[in-house]
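A look at the structure
Listed here are the chains, written in short residue letters.
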Amino acid sequence: MDKAMTQTDAPSAEEMIAQDVGARLPGGVMEKSIAGLALLWSLFQLWIASPLPFIIGFGVMNDTETRAIHLGFALLLAFLVFPAFKRSPRDHVPVTDIAFGLIACAASLYLFVLYEALAQRPGSLTTGDFVTAMIGLPLLLEAARRVLGPALPVIALVFIVYSLAGPYMPGLLSHRGVQLDALANHQWITTEGVFGIALGVSTSFVFLFVLFGALLERAGAGHYFIQLAFSMLGHLRGGPAKAAVVASGLTGLISGSSIANVVTTGTFTIPMMRKVGFSAEKAGAVEVASSVNGQIMPPVMGAAAFLMVEYVGIPYVEIIKHAFLPAAISYIALLYIVHLEALKLGMQPLETARAKPWLARLTGFAFGAALVSGLSLAVYWGLGWLKPLLGDFVLPGMAILLALTYLGLLKVAASNEPLPEEDPNAPLESLPNTRAVLLSGLHYLLPVVVLVWCLMVERLSPGLSAFWGSVILIVIVLTQRPLLTWMRGDDSHHHGTFKDGVVDLREGLIAGARNMIGIGIATATAGVIVGAVSQTGVGLVLADLVEMLSMGNLLLMLMLTALLSLILGMGLPTTANYIVVSSLLAPVIVTLGQQHGLIVPLIAVHLFVFYFGIMADVTPPVGLASFAAAAVSKGDPIKTGLTAFYYSLRTAALPFLFIFNTDLLLIDVDWAHGIAIFVVSTIAMLIFAAATQGWFLTRNRWYETVLLLLVAFTLFRPGFWIDQVVDPYQSSNPAELAQTLEPLEEGGVLRMRIAGEDAVGKWREFSVLLEVPEGETGQDKLDALGIMTYEQDGKTLIDMVTFASPAEAAGLTFDQQIVDIRIPVERYRKEWMWIPAAMLFVLVIALQRRRVRSQLQTAIA
């Protein structure tokens, strides 16, 4: 009875999407006004991202001005389309909400209108400045409550109270306190709080990528990806589930929302999964696990990935490189998990698929992969040859080439039947023809190719890359309908007119803006937390607190960070979760790692936080993506969330692995080594999936599960066992630093253990890695490092550190003690441990094969 009522009262998938982008649909003039504002916001973002303002010398704005306008749009739309309470009207906008929206928008635009005056009196607040901040902050928190729920504004409010009540806080948490006018200035008038880095990334990068996704979806790419995945994988065991994984991964390229991804692909794939034997909860969980992981799949990742560009200080291309391997491994492992579930349930492939031999299918796949690779190389080398040839005419030349390619691909699409409408209720007797589906939508890949080309080859900024991708998309949206109708020539299918394309463009621009309301509000509200951390120094307090709780153990520290992310994820969206946790704990993890001799790259820590941040949409009891999937599958949302979390264990394991084995992030790894790591890590993750799912060739015995986990761990981190046998470093006397450097080759690694005060005056012991520089003698190398030492009471102390030297960059300063010098020792390569791991794996295979044969003989008898 209770379960039935829960499912009946649960919101539908469409209602959940509406709640994600604004549930109020007032109709009439107000509906047109909201649509007009959203359209204007998208056009504004396209304008500031384009080179046009600089070409014509009009409309050029700095970062603060664009952020103010960006937040002004987000606040106004938030109050207009998100009701205050569940009982608030949906069919009209109350006057109070209009007033709140206009006042909040004016408070944000204050920084745009008075930018020159504010720039001339930094830190000197007028009454108008103070009043504006005191109005803007509460209205921002109220907007966040409406759009994102109570968790984020409550956390932001706690940090505001903490800033003001510093002297009254107990012991470790106390600080000198912040005056109200100083808080108003820091949080609203400067770019340290609300209008800080997070909102800047939302303005510069994220909006364009969300808009890109909305336009691509409106063009029809989402339906194309679903049909393509289903035609390729639908015939396999549990084929619809495997198609859901691939389709969600592809849709993740164009959708910034996990909920939208679930509903877009899930309305088709979930009913199909149920038809072949998956339960409602497992069907929903497969969709959730694959949809949420769309945020970690390059080249277009979730909004938090763009924040890393600013927080870590590396180009987005580098983030793509570091994130690719774990994301690819995660998706391959999810496909294998689905396969194991199909084996458990005794599913069989469709009869229509058996007519085609597996060798023929494998050959076809290999041919397709070779064709795509060949075309990619042809494009790369062809354009590389054309660019110097065309010289100053490279831009119009590329435009003509793109136009001809687009027309050619449209002609190919017109020669094939259009894609069938999605019908999840259709019987699973036949599948779409893969070749016909592939050829019918190749033109959808053009904007993605342009985006990737601009990012990876031209090395343009993420915002400008997304702008050029969006320009191509706008052309496609406007012209594909009339051109397809004209190219068919036989009136067999009417795709629409240019006017229909204009409607598609308008709706895509509006959808992009409405999808951005939540992200804009989230980044601005999270800026309050970041501002409080920078103003009060609470980050150092939290570092001490977390270090005390973890007892100095890095692994326990990582587990606490993961737990905090999961808890916050119950109430925060991924982007806000990432900002909060990375701002508070990322520096702590790096520092703690240094203290224990493990140099953790900052990108690894931020990806660690990001991975657990994406679990926000999965984690029961509040995982919104799980509720959206349950609304489609008619299953229990809590069971769906728990099953999805179980499927996502591979995603939860990867961050721990790449913290301790940064090879997985392709850090300082050449191509050959990178390919080997990809192959071995993929095998390791498949073995891990088999262990956690309790099934390999047959159901696992408990000791087989233990052996599989041991094999997976060894393949992922072979160096662990080598380190237990042979210490990777050899100690050297700090007093003989120059002599130690003498035999070391240029590019080698020197590890130093340092004790002394750090940059903020706190005494600690930590490790640094220094690359051995070029030099004729050991003293030359020491001088190149920028270190001068002296002896006192049997201790080796740093006398001076050269300005802008490698030593200064590593955090060394005068009067620090060099406790130990450690240099790498010659030993067996860690990859040798893969051999005993492989032997253990063969043992498990032999055990399970013998049991399978025994089961078959019993069944026959």
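None of the values given here were measured: they were computed from a predicted structure.

A word on the overall build of the protein. Of the regular secondary structure elements, the protein holds 38 helices and six strands. Expressed as a percentage of the 861 residues in the protein, the buried residues total 52%. Taking as baseline every contact in the protein between residues at least 6 positions apart, the subset at least 24 positions apart corresponds to 76%. Taken as a whole, the protein presents about 38,300 Å² of accessible surface, with 66% of it coming from carbon and sulfur.

Within the largest apolar cluster, 208 residues are counted, with the highest numbers of intra-cluster contacts made by Trp41, Trp188, Ile521 and Phe610. In contact with Trp41, other than residues within four places in its own chain, are His70, Phe73, Ala74, Leu77, Phe207, Ala513, Met516 and Ile517. Judged by nonpolar contacts, the second largest core, of 21 residues, contains Phe766, Val772, Val801 and Ile818.

This part is about the pattern of salt bridges. Counted under the stated rule, the structure contains 13 salt bridges. Glu142 serves as the salt-bridge partner of Arg146, at 2.8 Å between the closest nitrogen and oxygen. Separated by four residues within a single helix, Arg146 and Glu142 lie in helix α8 (residues 127-148), roughly one turn from each other. Under the relative-accessibility criterion, Arg146 is labelled buried at 10%. Here Asp820 ties to Arg822 by a salt bridge, and the two come within 3.9 Å at their closest N and O atoms. Taking the relative accessible area as the measure of exposure, Asp820 reaches 18% and is therefore buried. Here the salt bridges do not stand alone but share partners, grouping Asp97, Glu142, Arg145 and Arg146 into one network.

With that out of the way, let us pick up unusual backbone geometry. With a phi angle near 65 degrees, Lys634 is a residue other than glycine that sits in the positive phi range. Tracing the backbone shows Lys634 in the loop between α29 (624-633) and α30 (637-647). For Lys634, a relative accessible area of 56% corresponds to the exposed category. The phi dihedral of Asp793 is positive, around 55 degrees, even though this residue is not glycine. With respect to the secondary-structure elements, Asp793 resides in the loop between β4 (787-792) and β5 (795-801). Note on Asp793: relative accessible area 73%, which makes it exposed.

The subject of this paragraph is the packing of α8 against helix α24 (residues 498-536). Look at α8 against α24: their axes get within 9 Å of each other, and the N-to-C directions meet at 130 degrees. Classified by the interaxial angle, the pair formed by α8 and α24 is oblique. The crossing of α8 and α24 is left-handed. Judged by residue contacts, Leu137, Leu140, Leu141, Ala143, Ala144, Val147 and Leu148 of α8 engage Ile517, Gly518, Ile521, Ala522, Ala524, Thr525 and Val528 from α24. Classifying every residue of the contact of α8 with α24 gives twelve nonpolar, two polar and no charged.

What follows is about helix α15 (residues 280-292). Residues spaced three or four apart along an α-helix face the same direction, because each turn holds 3.6 residues. For α15, spanning 13 residues, the distance from its first C-alpha to its last is 18 Å, which sits close to the expected 18 Å at 1.5 Å a residue. Every buried residue belonging to α15 is among Ala280, Glu281, Ala283, Gly284, Ala285, Val286, Glu287, Val288, Ala289, Ser290, Ser291 and Val292, and all of these are buried. On its buried side, α15 packs onto α13 (239-251), α14 (258-275), α17 (316-344), α29, α30 and α31 (649-660).

A separate point is a negative patch on the surface. Negative charge collects at one region of the surface, where Asp668, Glu742, Glu746, Glu771, Glu774, Glu776, Asp780 and Asp783 lie side by side. Classification of Asp783 as partly exposed rests on a relative accessible area of 44%.

Using the criterion set out here, one finds two cavities of 30 Å³ or more in the structure. Space inside the largest cavity adds up to approximately 70 Å³. Those elements that place two or more of their residues in the lining of the largest cavity are α32 (671-693) and α33 (702-716). Here the lining of the largest cavity takes four residues from α32, the largest share from any one element. Residue composition of the lining of the largest cavity, grouped by class: six nonpolar, three polar and three charged.

For the protein, per-residue confidence averages 83 on the pLDDT scale, and residues scoring 70 or more make up 89% of the total. Overall, residues 1-9 carries pLDDT values under 50, and its contacts beyond four positions in sequence, including any with other chains, amount to four contacts.

In this structure the tally under the stated criterion is 23 aromatic pairs. Summarising the aromatic geometry, the rings of Tyr224 and Phe225 are spaced 5.9 Å apart at their centres and angled 45 degrees between planes, so their arrangement reads as tilted. Classification of Tyr224 by relative accessible area gives buried; the value is 1%. Grouped by ring-pair contacts, the aromatic residues Trp41, Phe44, Phe73 and Phe207 constitute a single cluster. Geometry around Phe85 places Arg87 over its ring, the cationic atom sitting 5.1 Å from the centre.

On to a nonpolar patch on the surface. A cluster of nonpolar side chains, contributed by Leu52, Ile55, Ile56 and Phe58, occupies part of the molecular surface with about 460 Å² of accessible area. For Phe58, the location among the structural elements is in the loop between α4 (52-56) and α5 (63-81). Using a relative accessible area of 61% as the deciding quantity, one classes Phe58 as exposed.

Glancing now at the packing of α31 against α32. At a minimum axis distance of 10 Å, the contact between α31 and α32 shows a crossing angle of 130 degrees. The orientation of α31 with respect to α32, classified from their angle, is oblique. Remark: the crossing between α31 and α32 carries right-handed chirality. Of the residues in α32, those touching α31 at Leu649, Arg650, Ala653 and Leu654 are Met685, Phe688 and Thr692.

Here Pro806 shows up in helix α37 (residues 806-809). On the accessibility criterion, Pro806 (40% relative accessible area) is partly exposed. C-alpha separation for the pair Pro806 and Pro773, spaced 33 residues apart in sequence, amounts to 9.3 Å.

If you check helix α9 (residues 151-164), its first and last C-alpha atoms are 20 Å apart, about what 14 residues at 1.5 Å a residue would give, namely 20 Å. Buried within α9 we find Leu152, Pro153, Ile155, Ala156, Phe159, Ile160, Tyr162 and Ser163.

The subject of this paragraph is the pairing of β4. The sheet contact formed by β4 and β5 spans six bridges and is antiparallel. Bridged to Glu791 within β5 is Thr796.

Here Gln816 shows up in the loop between α37 and β6 (817-824). Once you skip the residues sitting within four places of it in the chain, Gln816 turns out to touch Ile754, Ala755, Gly756, Glu757, Phe766, Thr796, Leu797, Ile798 and Gly811.

Rules of the game
- Residues numbered from 1 in each chain as written.
- Predicted model: local features only at pLDDT ≥ 70, side-chain atom pairs only at ≥ 80, totals over all residues.
- Heavy atoms only, no water.
- Helix = DSSP H or I, 4+ residues; strand = E, 2+ residues; numbered from the N terminus.
- Buried < 20%, exposed > 50% of the residue type's maximum accessible area, 1.4 Å probe, protein only.
- Contact = heavy atoms within 4.5 Å.
- Areas by Shrake-Rupley, 256 points an atom, 1.4 Å probe, with all protein chains shown as cover.
- Core = buried A, V, L, I, M, F, W, Y, C linked by side-chain atoms within 4.5 Å.
- Salt bridge = Lys/Arg side-chain N within 4 Å of Asp/Glu carboxyl O.
- Axes fitted to C-alpha atoms, helices over the stretch in contact; angles between N-to-C directions.
- Parallel < 35°, antiparallel > 145°, perpendicular 65-115°, else oblique.
- Left-handed = near helix turned anticlockwise from the far one by under 90°.
- Nonpolar A, V, L, I, M, F, W, Y, C, P; charged D, E, K, R; others polar.
- Expected span 1.5 Å × (residues − 1).
- Patch = residues over 30% accessible without salt bridge, like charges linked within 9 Å, V, L, I, M, F, W, Y side chains within 5 Å.
- Lys, Arg positive; Asp, Glu negative; His and termini not counted.
- Charge placed at Lys NZ, Arg CZ, Asp CG, Glu CD.
- 1 Å grid on protein atoms, 1.4 Å probe; cavity = no way out; pocket = protein on both sides within 12 Å on 5 of 7 lines; lining within 4 Å.
- Points joined across faces, edges and corners; volume = space filled by probe spheres on them.
- pLDDT = per-residue confidence, 0-100.
- Phe/Tyr/Trp six-rings, centres within 6.5 Å; stacked < 30°, edge-to-face > 60°.
- Lys NZ or Arg CZ within 6 Å of the ring centre and 35° of its normal.
- Pairing = 2+ DSSP bridges.

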